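# Examination of the molecular architecture
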Amino acid sequence: MKTSAGRFFEDYKLGEVITHAVPRTVSGGERALYHALYPARHALYSSDEFARASGLPQSPLEDMAAFHIVFGKTVPDISLNAVANLGYAEGRWLKPVYPGDTLRSESTVIGLKENSNGTSGVVWVRSRGFNQRGETVLDYVRWVMVHKGDPAAAAPEAVVPDLKPFVAAQDLVVPEGLDFSRYDFALAGERHRAADYAIGEKIDHVDGVTIEEAEHMLATRLWQNTAKVHFDATNRSDGRRLIYGGHVISLARALSFNGLANAQMMVALNAGSHANPCFAGDTIRAWSEVIDKAETSAPGVAAVRLRLVAVKQETQPLVLRGDDKKYLPGVLLDLDYWALMPA
Amino acid sequence: MKTSAGRFFEDYKLGEVITHAVPRTVSGGERALYHALYPARHALYSSDEFARASGLPQSPLEDMAAFHIVFGKTVPDISLNAVANLGYAEGRWLKPVYPGDTLRSESTVIGLKENSNGTSGVVWVRSRGFNQRGETVLDYVRWVMVHKGDPAAAAPEAVVPDLKPFVAAQDLVVPEGLDFSRYDFALAGERHRAADYAIGEKIDHVDGVTIEEAEHMLATRLWQNTAKVHFDATNRSDGRRLIYGGHVISLARALSFNGLANAQMMVALNAGSHANPCFAGDTIRAWSEVIDKAETSAPGVAAVRLRLVAVKQETQPLVLRGDDKKYLPGVLLDLDYWALMPA
Amino acid sequence: MKTSAGRFFEDYKLGEVITHAVPRTVSGGERALYHALYPARHALYSSDEFARASGLPQSPLEDMAAFHIVFGKTVPDISLNAVANLGYAEGRWLKPVYPGDTLRSESTVIGLKENSNGTSGVVWVRSRGFNQRGETVLDYVRWVMVHKGDPAAAAPEAVVPDLKPFVAAQDLVVPEGLDFSRYDFALAGERHRAADYAIGEKIDHVDGVTIEEAEHMLATRLWQNTAKVHFDATNRSDGRRLIYGGHVISLARALSFNGLANAQMMVALNAGSHANPCFAGDTIRAWSEVIDKAETSAPGVAAVRLRLVAVKQETQPLVLRGDDKKYLPGVLLDLDYWALMPA
């Protein structure tokens with residue numbers, strides 16, 4: 001067989017390191033497309049001048065775009081036959097990605113557990129993205145439920161990795177040189193600094209965006225994510241294409257500009273659930289909750305830990321779960337991340 | 001409140017200068033997207049070699065793209081609660097924008113007049129776009145009708161600015177170095193120079209383009225225009241998304257290539273009306289009328305004043321108004337601009 | 001008349017050389033868009049580092065993108081009034097195209113034959129694309145059936161060019177410096193080298209992509225292809241927009257990554273038929289057949305001649321023609337090309 005149908009549960013071995021294919025060089029083209037696909041307005045990612053005034057050499061690629069590129073490369077090896085993307089943990093952005101950088105990805109299998117039904121199992125991987133200098137730009141854990149190809153394959157010894165519930169503030173990596181001490185709040189779009197946000201505060205981000213098929217496919221392809229559920233309308237019996245969960249993250253993050261315009265850089269991905277599927281025609285809104293705040297050693301730079309929630313039409317804002325403790329049916333995303341903000 | 005719901009009529013003060021947020025650095029990515037979104041073929045904006053042969057350092061960003069970027073930044077402060085975009089005047093492109101340039105915008109309130117109904121008013125602003133060297137790249141006046149947030153707010157003293165009906169030929173700014181004396185008509189696509197056009201001449205631009213939702217949203221987002229009517233299908237009771245008027249301008253301008261391939265650079269926006277709304281599914285055609293012609297001091301460069309009209313399907317070509325003097329229902333745009341052409 | 005309605009059959013003269021308009025400079029923007037529009041993953045076109053490890057100065061523009069740009073320029077002069085695009089022959093990519101290059105096109109009329117119905121005729125052209133240094137980057141023959149504008153126009157002397165059935169292996173041009181002797185199969189995505197493919201071997205490329213209107217129009221516009229059937233839904237009585245045949249080629253070529261990840265560079269277009277029309281909503285799949293293999297003089301580089309077939313939903317895979325020797329109704333494309341691969 002020359003083609004690949006993707007890996008099944010029994011194909012993963014604990015400790016195995018998988019080199020993912022197809023390195024990718026980024027340019028101003030990826031940045032422009034990111035701005036066409038998402039209502040992204042964070043100034044640090046829009047203006048080279050703003051980035052330089054913040055101590056960076058130029059405007060980096062959006063952190064979520066770097067995530068999508070690193071993640072997309074893992075799909076053919078990790079999640080082509082995934083039943084579900086179950087979670088993320090211990091994610092950290094370690095180096096900004098700039099136009100001209102070339103990214104590649106690698107994953108290590110850190111956990112395996114067959115489901116009691118014997119037809120699928122959960123695979124935990126730690127995935128890393130590297131630039132052309134071999135520097136790690138992103139590091140995160142995700143776990144997926146994967147079908148078994150052969151139901152008779154023996155179950156591996158169950159190993160469930162011990163994952164931190166969130167990245168501790170002292171483990172956050174602030175990009176070298178970052179300095180918000182001369183931050184221009186007028187150009188950034190809002191006047192609120194970290195000190196102005198209270199832990200527990202919730203922010204409804206006001207705006208909504210209705211998603212089209214062409215848009216989520218353009219985005220998902222751009223990240224070279226090949227999962228067929230996103231592209232092939234004949235793949236599901238209802239003829240619908242499931243929207244890549246990362247598309248919803250980028251959309252919600254961009255919508256959060258209205259209220260969190262100064263939450264400039266994403267530095268950690270603590271946890272994330274794609275609570276319900278998203279389809280073309282859905283109108284996405286977002287709200288955030290301030291979970292924690294911390295200082296950093298960089299001049300004028302604070303860290304804010306945020307819950308970012310994406311919901312679809314007719315969903316009550318600022319409410320995550322029903323009386324049954326389950327996510328409301330209109331909740332699409334529950335993401336926990338750290339962002340850097342003027343202190 | 002951390003979020004902004006936009007300004008209302010009573011929030012504007014005469015003479016106030018508003019710094020608009022989110023500067024933007026442009027690259028080859030914006031140029032490629034412009035060519036994907038519009039059937040743009042003017043050679044000066046397509047080829048670095050053609051631009052250099054015309055005395056410019058390289059191919060600039062399309063003039064309308066520069067307009068959209070400068071305009072998009074004004075939306076959150078000027079037109080988020082606008083009932084209607086009423087007009088443009090005294091617009092001039094003052095410096096070409098090149099890949100690597102960073103644009104920001106600023107508006108001055110130059111007129112205010114509450115409507116007799118007491119629930120809304122008209123705001124006139126002069127908006128300016130600047131590059132990273134602080135040079136003004138674009139300067140124009142627009143006026144919008146804006147809701148009052150508080151119907152009880154006192155009406156300001158009515159001030160209606162005295163605007164020129166069009167930019168005089170002697171006030172046009174020709175980019176430094178522009179030289180059409182060695183213009184290659186074969187590469188540009190047509191053989192007609194300014195001398196070949198007669199004042200009063202009308203040109204039907206032949207081609208039509210049917211618009212999709214994804215296209216106008218990609219375009220409007222690319223310019224970081226956040227007006228919710230363009231993106232949120234739940235915003236109107238009919239579930240339709242109103243297409244950004246600037247999208248129609250760019251589409252019509254690109255279609256005008258067939259007949260006006262040598263009307264290379266837009267240098268002034270004299271006036272403009274978005275006569276009727278445009279929605280996805282509409283098929284757009286365009287026609288032009290030569291209003292005036294003028295000489296410039298640059299070698300081989302003439303100026304041509306043009307009316308550019310966009311119409312939708314089943315609209316009689318080359319006719320603007322009905323017997324009642326009103327725009328025909330199928331007329332979407334009536335734009336009056338100056339372009340530079342080989343003399 | 002200032003506008004062009006395109007040429008008719010009687011407007012072509014044997015031996016005539018047509019300079020096509022609108023040169024185009026490419027950048028990282030075109031590359032990013034290519035990756036957004038097609039599931040393209042060939043590593044040489046995705047990574048500057050991979051390209052450099054293969055002896056090239058950086059990652060070139062996708063070969064099909066170069067083809068589309070050169071081809072798109074010919075449309076206003078060759079195929080605006082074409083009834084059908086009948087075939088391609090003797091196509092060769094002669095120089096890689098890099099960001100910053102400016103392309104222009106030229107065609108020579110090499111054959112003319114009026115149809116017996118007297119209302120149309122076949123025009124053969126040899127089209128060439130040049131970069132800013134005047135080097136030929138692409139050279140191919142295509143023939144189209146074109147309407148007569150005046151049915152009374154006299155038929156030209158029939159001249160049918162003598163075209164090679166395919167480009168001979170010894171006529172393939174390998175880019176200067178190309179070297180696959182240190183090829184990284186893990187980064188490229190598959191382990192198969194030319195030696196692993198057998199002549200006659202067929203490969204079903206597994207994945208499918210459902211096409212949206214916005215996507216094919218963005219792509220076709222990006223290449224400045226102005227044929228109205230692709231853009232104007234009012235152009236056909238059924239209200240459908242015909243998808244540019246080249247869009248199907250790029251889609252099928254990108255899908256062929258799964259099984260032919262190492263068929264990196266397209267170097268010759270031997271023949272091609274757009275067997276049936278493609279419309280938005282179609283789900284495209286692809287399969288390939290190995291027709292021939294050859295050595296080249298470049299280190300570690302072999303040539304593989306491939307048939308690439310695109311089919312739409314509910315079409316039997318790996319079958320080209322029915323019992324009547326005609327293409328099956330679901331076959332969209334039958335393309336014959338040479339690609340370069342690790343030996």
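This text goes with the structure placed above it.
Read on for a plain summary of the structure. For clarity, every value in this text was computed on a predicted model and none was experimentally measured.

### Some words on the overall build of chain A
A tally of regular secondary structure across chain A gives 7 helices and 12 strands. Here the C-alpha atoms of chain A give a radius of gyration of 20 Å, agreeing with the 20 Å that 2.2 N^0.38 yields for 343 residues. For chain A, the C-alpha atoms occupy an extent of roughly 60 × 45 × 35 Å along the three principal directions. Scored against the burial criterion, the 343 residues of chain A give a buried share of 64%. The contacts of chain A with a sequence gap of at least 6 include a subset with a gap of at least 24, amounting to 78%. Entry remark: accessible area of chain A is about 11500 Å², with carbon and sulfur atoms responsible for 50%. Seen as two clouds, the 36 positive and the 41 negative side-chain charges of chain A have centres 2 Å apart.

### Observations regarding the packing of helix H1 (residues 28-37) of chain B against helix H5 (residues 213-222) of chain C
Two numbers describe how H1(B) lies on H5(C): the axes approach to 6 Å, and their chain directions differ by 115°. Here H1(B) is positioned roughly perpendicular relative to H5(C), judged by the angle of their axes. For the pair H1(B) and H5(C), the crossing hand works out as right-handed. Along its contact with H1(B), which presents Ala32(B), His35(B), Ala36(B) and Leu37(B), the element H5(C) presents Met217(C), Leu218(C), Arg221(C) and Leu222(C). Along the lines of polarity and charge, the residues of the contact of H1(B) with H5(C) split into 6 nonpolar, 1 polar and 1 charged.

### Quick look at the interface of chain C and chain B
Taken together, the contact between chain C and chain B spans 33 residues of the former and 45 residues of the latter. Summed over both sides, the interface of chain C with chain B buries roughly 3000 Å², with 58% coming from carbon and sulfur. Taken together, the links from chain C to chain B amount to 4 salt bridges. With a shortest N-O distance of 2.7 Å, Lys2(C) and Glu201(B) are connected by a salt bridge. Looking at the side of chain C that touches chain B, the elements with two or more residues in it are strand S2 (24-25), helix H1 (28-37), strand S4 (102-114) and H5 of chain C. In terms of residue class, the side of chain C that touches chain B is made up of 12 nonpolar, 12 polar and 9 charged.

### Comments concerning the pairing of S4(C)
Residue and element names in this part refer to chain C. Here 3 bridges tie strand S1 (residues 17-19) to S4, and the two strands are oriented antiparallel to one another. Paired with Val17 across the bridge in S4 is Thr108. One ladder, built from 2 bridges, connects S2 with S4; its direction is antiparallel. Each bridged residue has a counterpart across the sheet, and for Thr25 the counterpart in S4 is Thr102. Two strands pair when backbone bridges link them, and S4 and strand S5 (residues 120-130) are joined in this way by 10 bridges, in the antiparallel orientation. Counted as the bridge partner of Thr108 is Arg126 from S5. Between S4 and S5, which follow one another and run antiparallel, lie 5 residues, and Gly118 among them has a positive phi close to 75°.

### Quick word on the environment of Leu44(A)
Residues and elements named next belong to chain A. Tracing the chain through its elements places Leu44 in the loop between helix H1 (28-37) and helix H2 (48-53). The buried category is assigned to Leu44, whose relative accessible area is 0%. Taking the C-alpha atoms as reference, Leu44 lies 8.8 Å from Gln58; in sequence the two are 14 residues apart. Among residues more than four places away in sequence, those in contact with Leu44 are Phe50, Ala51, Ser54, Leu56, Ser59, Pro60, Gln264 and Met265.

### Re the interface of chain C and chain A
If you look at the interface, chain C gives 45 residues, while chain A gives 33 residues. Between chain C and chain A, the buried area comes to about 3000 Å², and carbon and sulfur atoms account for 58% of it. Looking only at chain C, the three residues that lose the most surface to chain A are Ala36(C), Arg41(C) and Leu187(C), adding up to 21% of its buried area. Seen at the junction of chain C and chain A, the total is 4 salt bridges. Our enumeration of links across chain C and chain A arrives at 20 residue pairs in polar contact (both at pLDDT 80 or more). Counting residues per element, the ones that place at least two in the side of chain C that touches chain A are H1, helix H2 (48-53), helix H4 (185-188), strand S7 (202-204), strand S8 (209-210), H5, helix H7 (257-260) and strand S10 (283-295) of chain C. If you tally residues by element for the side of chain C that touches chain A, the top one is H1(C), at 8 residues. The class makeup of the residues in the side of chain C that touches chain A is 19 nonpolar, 14 polar and 12 charged.

### Remarks on the pairing of S5(C)
Residue and element names in this part refer to chain C. Within S5, 10 of the 11 residues are buried, leaving the element largely enclosed by the surrounding structure. Pairing analysis gives 11 bridges linking S5 to strand S6 (residues 136-147), with the strands arranged antiparallel. Bridge pairing in S6 links Gly129 to Leu138. Counted along the chain from S5 to the antiparallel partner S6, the turn is 5 residues long, and its residue Gly134 has a positive phi close to 80°.

### Section: the side chain of Thr108(C)
By the element assignment, Thr108(C) lies in strand S4. When residues no more than four places from it in sequence are discounted, the contact partners of Thr108(C) are Gly15(C), Glu16(C), Val17(C), Trp124(C), Val125(C), Arg126(C) and Arg128(C).

### Describing the side chain of Asp63(C)
Residues and elements named next belong to chain C. In this structure, Asp63 sits in helix H3 (residues 63-78). Although buried, Asp63 forms no salt bridge, and the nearest oppositely charged side chain, Arg253, lies 5.0 Å from it. A polar atom in the side chain of Asp63 sits 2.4 Å from the side chain of Tyr45. Those residues within four positions of Asp63 in sequence are excluded, and the remaining contacts are Tyr45, Trp93, Gln264, Met265 and Met266.

### Things to note about the relation of the copies chain C and chain B
Once chain C has been moved 0.0 Å along the axis and rotated by 120°, it coincides with chain B to within an RMSD of 0.0 Å. Within this description, the copies of the chain are treated as partners about a three-fold rotation axis. Of the C-alpha atoms belonging to chain C, the one lying closest to the rotation axis is found on Gly29(C), 2.2 Å away. The two copies present different faces, since only 12% of the interface residues in chain C are matched by interface residues at the equivalent positions in chain B.

### So, the pattern of salt bridges
Residue and element names in this part refer to chain A. Inspection of the entire model under this criterion finds 60 salt bridges over all chains. Salt-bridge contacts for Arg182 lead to Asp179; the nearest nitrogen and oxygen are separated by 3.6 Å. We classify Arg182 as exposed; its relative accessible area is 56%. Asp179 sits in the buried class, given a relative accessible area of 15%. One connected set of salt bridges, linked through shared partners, spans Glu90, Arg126, Arg128 and Asp139.

### Observations regarding the packing of aromatic side chains
Summed over the entire model, instances satisfying the criterion amount to 30 aromatic pairs over all chains. Their ring planes at 40° and their centres at 5.6 Å tell us that Phe71(B) and Tyr244(B) sit as a pair that is tilted. With Phe71(B) in helix H3 (residues 63-78) and Tyr244(B) in the loop between helix H5 (213-222) and helix H6 (245-255), this residue pair connects regions lying 173 residues apart in the sequence. The class of Phe71(B) is buried, set by a relative accessible area of 4%. Taken together through their ring pairs, the aromatic side chains of Phe67(A), Phe71(A), Tyr88(A), Trp93(A), Tyr140(A) and Tyr244(A) make up a single cluster. Across from the ring centre of Phe279(A), 3.8 Å away, lies the NZ or CZ of Arg240(A), which sits over that ring.

What counts and how
- Residues numbered from 1 in each chain as written.
- Chains lettered and ligands numbered in written order.
- Predicted model: local features only at pLDDT ≥ 70, side-chain atom pairs only at ≥ 80, totals over all residues.
- Heavy atoms only, no water.
- Helix = DSSP H or I, 4+ residues; strand = E, 2+ residues; numbered from the N terminus.
- Rg over C-alpha atoms; globule rule 2.2 N^0.38 Å.
- Buried < 20%, exposed > 50% of the residue type's maximum accessible area, 1.4 Å probe, protein only.
- Contact = heavy atoms within 4.5 Å.
- Areas by Shrake-Rupley, 256 points an atom, 1.4 Å probe, with all protein chains shown as cover.
- Lys, Arg positive; Asp, Glu negative; His and termini not counted.
- Charge placed at Lys NZ, Arg CZ, Asp CG, Glu CD.
- Axes fitted to C-alpha atoms, helices over the stretch in contact; angles between N-to-C directions.
- Parallel < 35°, antiparallel > 145°, perpendicular 65-115°, else oblique.
- Left-handed = near helix turned anticlockwise from the far one by under 90°.
- Nonpolar A, V, L, I, M, F, W, Y, C, P; charged D, E, K, R; others polar.
- Buried area = accessible area lost by both parts, 1.4 Å probe.
- Salt bridge = Lys/Arg side-chain N within 4 Å of Asp/Glu carboxyl O.
- Pairing = 2+ DSSP bridges.
- Polar contact = N/O pair within 3.5 Å; in protein donor to acceptor, adjacent residues only side chain to side chain.
- Least-squares fit on C-alpha atoms with pLDDT ≥ 70 in both.
- Phe/Tyr/Trp six-rings, centres within 6.5 Å; stacked < 30°, edge-to-face > 60°.
- Lys NZ or Arg CZ within 6 Å of the ring centre and 35° of its normal.

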